[in-house]
Amino acid sequence: MSISRTGAAVAPRMSLGSKRTEPRLVSPAGAVLPLDTIIESDCIAALERLPAGSVDLVFADPPYNLQLGGDLHRPDNSMVDAVDDDWDKFASLRDYDDFTRAWLAAVRRVMKPDATLWVIGSYHNIFRVGATLQDLGYWILNDVVWRKTNPMPNFRGKRFTNAHETLIWAAREQRSRYTFNYEALKAGNDDVQMRSDWLIPLCTGGERLKDGDGRKAHPTQKPEALLARVLMAASRPGDVVLDPFFGSGTTGAVAKKLGRHFVGIERDRDYIAHARERIALASPVGDADMLAPSEKRSEPRIPFASVVERALLQPGAVLTDGNERHQARVRVDGSIMLGDIVGSIHKIGALAQGLPACNGWTFWHYKDNGKLRLIDDLRAVLRKELAAAGG
């Protein structure tokens, strides 16, 4: 038996119907959180059996209650493979609201105080879900628009093409100290803040799971790229990610690849079979250093003046952009001069490009033995010295 990052004991557990040993998290009260396992059950019943305050992140893709009034056909009269499964049908909006309130309340109980929830939906349901979230005490942090590069067209030509879905990101409560890997997202987005509109294609090609007859194994399978961004944004390696509507196992496959644990809840045995096979084939990232999110905010702040003071660059040294189109000179006080204009490396970098903002550390270069190098390399030298000195 080992100890998890939460301090709770982790013991091996045999997964139902498998010889593979699964870990489990045992809460102080004795309730068990079966890590890296799919629970075959109705979601609310399963949630009631999980230990309170035990998961770090929830991703929920609940029924959308699409309210289709009949078969949907293309202009050539061929039938569209729309979502018409029984699990997406409710007798009334009130029934759907009651269901939404029940699962959201059950999820909130198993979330840690600083956990967050992501829930995805369409115009059919997401506004009702959002209102219920607020009624139950969740604190909405963002709504994120998933813009599909390849949406299904509106075949009847009576509405706009429905080219997006909406995700709501919410903390368990207003005072939650939630995880947000801001620097990691920014670094992966060409050093620009990640926006709340995400352009990601629908799940197609080899990623789309098929049954034995070549049909979609699940009608609303989400792309792994979408889940990867969610997990990288709001969780850390070793965290526990809960998906109460597990479906074809996208959450589990991505969690495994990114070094997170998952707990899935699904009642359809066919979906579970596809999910288990898919997760078994998923390969985790082997190098733990590749999983840790960058945390520049936790690194000591180094002003550019320190680079000059330490004589890593001399006053009068020339800085250029990577293409050597712009030139600025270093001043003794750590400011730089572009023509007759004086300012910080950030202000002058923005001015040179005609942009409202710029990270001067990653824009300006200096020459070292005839080769261009980022001035950020000099900041790294100073940070390394500080770390060695215990600063």
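Preceding this section is the structure that the text describes.
Residues numbered from 1 in each chain as written. Predicted model: local features only at pLDDT ≥ 70, side-chain atom pairs only at ≥ 80, totals over all residues. Heavy atoms only, no water.

### Remarks on the packing of helix α2 (residues 93-110) against helix α3 (residues 126-135)
Alright, step 1. Across the interface, α2 lies against α3 with an axial gap of 10 Å and an inter-helix angle of 45°. Considering the angle they form, α2 stands oblique to α3. Considering only the axes of α2 and α3, their crossing is right-handed. For the pair formed by α2 and α3, the contact residues are Leu 93, Tyr 96, Asp 97, Thr 100, Arg 101 and Leu 104 on the first element and Arg 128, Val 129, Thr 132, Leu 133 and Asp 135 on the second.
Alright, step 2. For the contact of α2 with α3, a count of residues per class yields five nonpolar, two polar and four charged. (Axes fitted to C-alpha atoms, helices over the stretch in contact; angles between N-to-C directions. Helix = DSSP H or I, 4+ residues; strand = E, 2+ residues; numbered from the N terminus. Parallel < 35°, antiparallel > 145°, perpendicular 65-115°, else oblique. Left-handed = near helix turned anticlockwise from the far one by under 90°. Contact = heavy atoms within 4.5 Å. Nonpolar A, V, L, I, M, F, W, Y, C, P; charged D, E, K, R; others polar.)

### A few points about the pattern of salt bridges
Opposite charge on two side chains makes pairing possible when the charged atoms of those side chains draw close.
Alright, step 1. Taken as a whole, this structure holds 19 salt bridges when the rule is applied.
Alright, step 2. As a salt-bridge pair, Asp 97 and Arg 128 come within 2.7 Å of each other at their nearest N and O atoms. In this pair, Asp 97 sits in helix α2 while Arg 128 sits in helix α3, placing the two residues 31 residues apart along the sequence.
Alright, step 3. With a relative accessible area of 31%, Arg 128 lands in the partly exposed category.
Alright, step 4. Across the salt bridge formed by Glu 224 and Lys 257, the nearest N and O atoms sit 2.7 Å from each other. One end of the pair, Glu 224, is in helix α5 (residues 224-234); the other, Lys 257, is in helix α6 (residues 250-257), with 33 residues separating them in the sequence.
Alright, step 5. Given a relative accessible area of 29%, Lys 257 falls into the partly exposed group.
Alright, step 6. By sharing partners, the salt bridges in this structure join Arg 108, Arg 172, Glu 173 and Arg 175 into a single network. (Salt bridge = Lys/Arg side-chain N within 4 Å of Asp/Glu carboxyl O. Buried < 20%, exposed > 50% of the residue type's maximum accessible area, 1.4 Å probe, protein only.)

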